[in-house]
Amino acid sequence: MVMPTTFSQWSELPGRHIVSLSGGKDSTALAIYLRDHIPQLEYVFCDTHKELKETYEYLDRLEAYLQRPIIRLNPDRGFDHWLTMYNGMLPSGQVRWCTRKLKIEPFEAYVGNDKVWSYIGIRGDENRSGYISTKSNIQALYPFKDHGLGLRDVERILAESGLGMPTYYEWRQRSGCYFCFFQRTGEWVGLKDRHPDLYEESKKYETENGGERFTWRQRESLVELEQPERLAQVRADHIKRLEEERRRRPGITLYELNKVVFDEEDDDPGCNICALH
Ligand code: SF4
């Protein structure tokens, strides 16, 4: 099948048209990019109930800009409900029940058996795959890839709309739960600095029962990470890397700078389902 690649072709496709919002820059820019071309678009956000307040505020501002409702899925069953169902076992990179229960299944239930065109915010300058449903009635479309739009275009779309980039990019690379186990060391320290209350909340999820230990990070618990000597070491390393990168790439934006430095710290690519959903 030759896939459609223009606004007019997309808008004429029979079926429902959906943008899944993550609260991040790419899906937000995509919603803005498509708004005036695909009038039948539905905007959906799978709420884990554990996002940063910046994310909820950003979505509210986007909703005002779009002048269309953003449908929030999971109104009753957020992360804590599913944690109880999984007997307190924290999700991890190996057992990632959270994306299935909080992102994939609610989205597929919302869609049902309808024919759906799902617009994905992967950019033309990226080489990654997003969540592609295995359901045959859901077909993915990639407008930014099809139109060759990259990071600079996303930044421009957001700036022109007045929304700008989400503010958490100053210290964090991805949208998603404040305690996401995909966070890098520097991002956890960023959480502690920017949202000490949420760092404390994250700590409460970590448990040690006999030989069983559930922590967000494999290598150390959040209590271990917040020890003064460890924090000082992380901060000093982070600042050193930021300065080196700034010298190496004059003119680099704060988002790109943080991305390079966090990627150096830890090359785990993170969760493309949450980042794109
Ligand atoms: S953001 Fe992280 S913790 Fe939250 S649902 Fe996604 S992968 Fe799980």
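Here is what the cut-offs are and how they apply
Counting restarts for each chain: residues are numbered from 1 in the order of the written sequence. Selection of residues for local features in this predicted model requires a pLDDT of at least 70, selection of side-chain atom pairs for listing and counting requires 80 or more, and totals for whole chains, interfaces and linings are taken over all residues. For the side-chain quantities, the full set of heavy atoms in the structure was used; hydrogens and water were omitted. Throughout this document, a residue counts as near a molecule or strand when at least one of its heavy atoms sits within 4 Å of that molecule or strand. Each residue is assigned to one class: nonpolar for Ala, Val, Leu, Ile, Met, Phe, Trp, Tyr, Cys and Pro, charged for Asp, Glu, Lys and Arg, and polar for all the others, Gly among them. Grouping buried Ala, Val, Leu, Ile, Met, Phe, Trp, Tyr and Cys residues that are joined through side-chain atoms within 4.5 Å yields what is termed a nonpolar core. For each residue, the accessible area found with a 1.4 Å probe, counting protein chains only, is set against the maximum for its type, and the residue is called buried under 20%, exposed over 50%, and partly exposed in between. Strands are runs of DSSP state E lasting at least 2 residues, helices are runs of H or I lasting at least 4, and numbering of each runs from the N terminus. An automatic or database domain assignment provides the domain bounds reported here. Neither His nor the chain ends is counted toward charge; the positive residues are Lys and Arg and the negative residues Asp and Glu. We define a salt bridge as a side-chain nitrogen of Lys or Arg found within 4 Å of a carboxyl oxygen belonging to Asp or Glu. Side-chain atoms alone can form a polar contact between residues adjacent in sequence; in general such a contact is a pair of N or O atoms within 3.5 Å, and within protein one must be able to donate a hydrogen while the other accepts it. Any two residues whose heavy atoms approach within 4.5 Å at even a single point are treated as in contact. Interaxial angle, 0 to 180 degrees, is taken between N-to-C directions of lines fitted to C-alpha atoms, where a helix line uses only the stretch in contact. In these notes the angle categories are as follows: under 35 degrees is roughly parallel, over 145 is roughly antiparallel, 65 to 115 is roughly perpendicular, and the rest is oblique. Here a crossing is called left-handed whenever its near helix is offset anticlockwise from the far helix by less than a right angle, and right-handed whenever the offset is clockwise. Two strands qualify as a pair provided DSSP detects at least 2 bridges between them. Here a Phe, Tyr or Trp ring, Trp counted by its six-membered ring, pairs with any other such ring whose centre lies within 6.5 Å, and the pair is stacked when the planes are under 30 degrees apart, edge-to-face when over 60, and tilted otherwise. A ring has a charge above it when a Lys NZ or an Arg CZ is no more than 6 Å from the ring centre and no more than 35 degrees off the ring normal.

Next up on the list: the site of the ligand. Around the ligand, a shell composed of eight residues is seen, among which C98, G176, C177, C180 and C274 lie nearest. Its residues assigned to classes, the shell around the ligand comprises six nonpolar, two polar and no charged.

Let's shift gears to the nonpolar core. Counting residues in each nonpolar core, the largest one holds 30 residues, and the members touching the most others are F79, F179, W188, L191, Y205 and W216. Contributions of two or more residues to this core are made by α4 (79-85), α5 (97-111), α8 (185-194), α9 (196-205), α10 (222-225) and α11 (228-248). Shared between two domains, this core takes at least three residues from each, and those domains are domain 1 (7-170) and domain 2 (185-265). Listed in part, the 29 residues of the second largest apolar core include W10, L30, I70 and I157.

Okay, the side chain of E206 next. You can see E206 is positioned in the loop between α9 and β6 (207-209). Despite its burial, E206 remains without a salt bridge, the nearest opposite charge being carried by R217 at 6.9 Å. In this structure the side chain of E206 is engaged in a polar contact, spanning 2.9 Å, whose partner is the backbone nitrogen of L222. Residue contacts for E206: discarding those within four places in its chain leaves F214, T215, W216, R217, S221, L222 and V223.

Examined against the element boundaries, K135 turns out to sit in the loop between β4 (116-119) and β5 (138-141). Expressed as a C-alpha distance, the spacing of K135 and G112, which sit 23 residues apart in the sequence, is 9.8 Å. There is a polar contact of 3.1 Å between the side chain of K135 and the backbone oxygen of G112.

The subject of this paragraph is the pattern of salt bridges. In total, this model carries 27 salt bridges according to the counting rule given. The shortest N-O distance in the salt bridge between R123 and E126 comes to 3.7 Å. The exposure class assigned to R123 is buried, which follows from its relative accessible area of 7%. Of the charged contacts, one joins E170 and R194 as a salt bridge, the two residues approaching to 3.3 Å between their closest N and O atoms. Pair noted here: E170 is in the loop between α7 (151-161) and α8 and R194 is in helix α8, with a separation of 24 residues, a long-range link. Under the relative-accessibility criterion, R194 is labelled partly exposed at 44%.

Across the interface, α11 lies against helix α12 (residues 254-265) with an axial gap of 10 Å and an inter-helix angle of 125°. Comparing their axes, α12 and α11 come out oblique. Regarding α11 and α12, the two cross each other, and that crossing is right-handed. Along its contact with α11, which presents H238, R241, L242, E245 and R246, the element α12 presents L257, N258, V260, V261, F262, E264 and E265. Looking at the contact of α11 with α12, its residues break down into five nonpolar, two polar and five charged.

Quick look at the packing of helix α2 (residues 25-35) against α7 now. At a minimum axis separation of 9 Å, α2 and α7 run at an interaxial angle of 65°. In the packing of α2 onto α7, the handedness of the crossing is left-handed. Of the residues in α7, those in contact with K25, D26, T28, A29, I32 and Y33 of α2 are L151, V154, I157, L158 and S161. For the contact of α2 with α7, the class distribution of residues is seven nonpolar, two polar and two charged.

What follows concerns the sheet that holds strand β2 (residues 42-46). Pairing within the open sheet is parallel, and its five strands lie in the order β3-β2-β1-β4-β5. Of all strands in the sheet, those bounded by a partner on one side alone are β3 (70-73) and β5. In this sheet, neighbouring strand axes are inclined to one another by 35° on average, regardless of whether the strands run parallel or antiparallel. Seen against the sheet, α2 touches β1 (16-21), β2 and β4 and runs at an angle of roughly 145° to β1.

The next subject is the packing of aromatic side chains. Evaluation of the coordinates by the stated rule reveals 18 aromatic pairs. Through a chain of ring-to-ring contacts, three or more aromatic side chains come together here, namely F79, Y86, W97, Y178, F179, Y205 and W216. Of note, R16 hangs over the ring of Y110, and the distance from its end group to the ring centre comes to 4.9 Å. Cation over ring: K115 sits above W117, and NZ or CZ is 4.7 Å from the ring centre.

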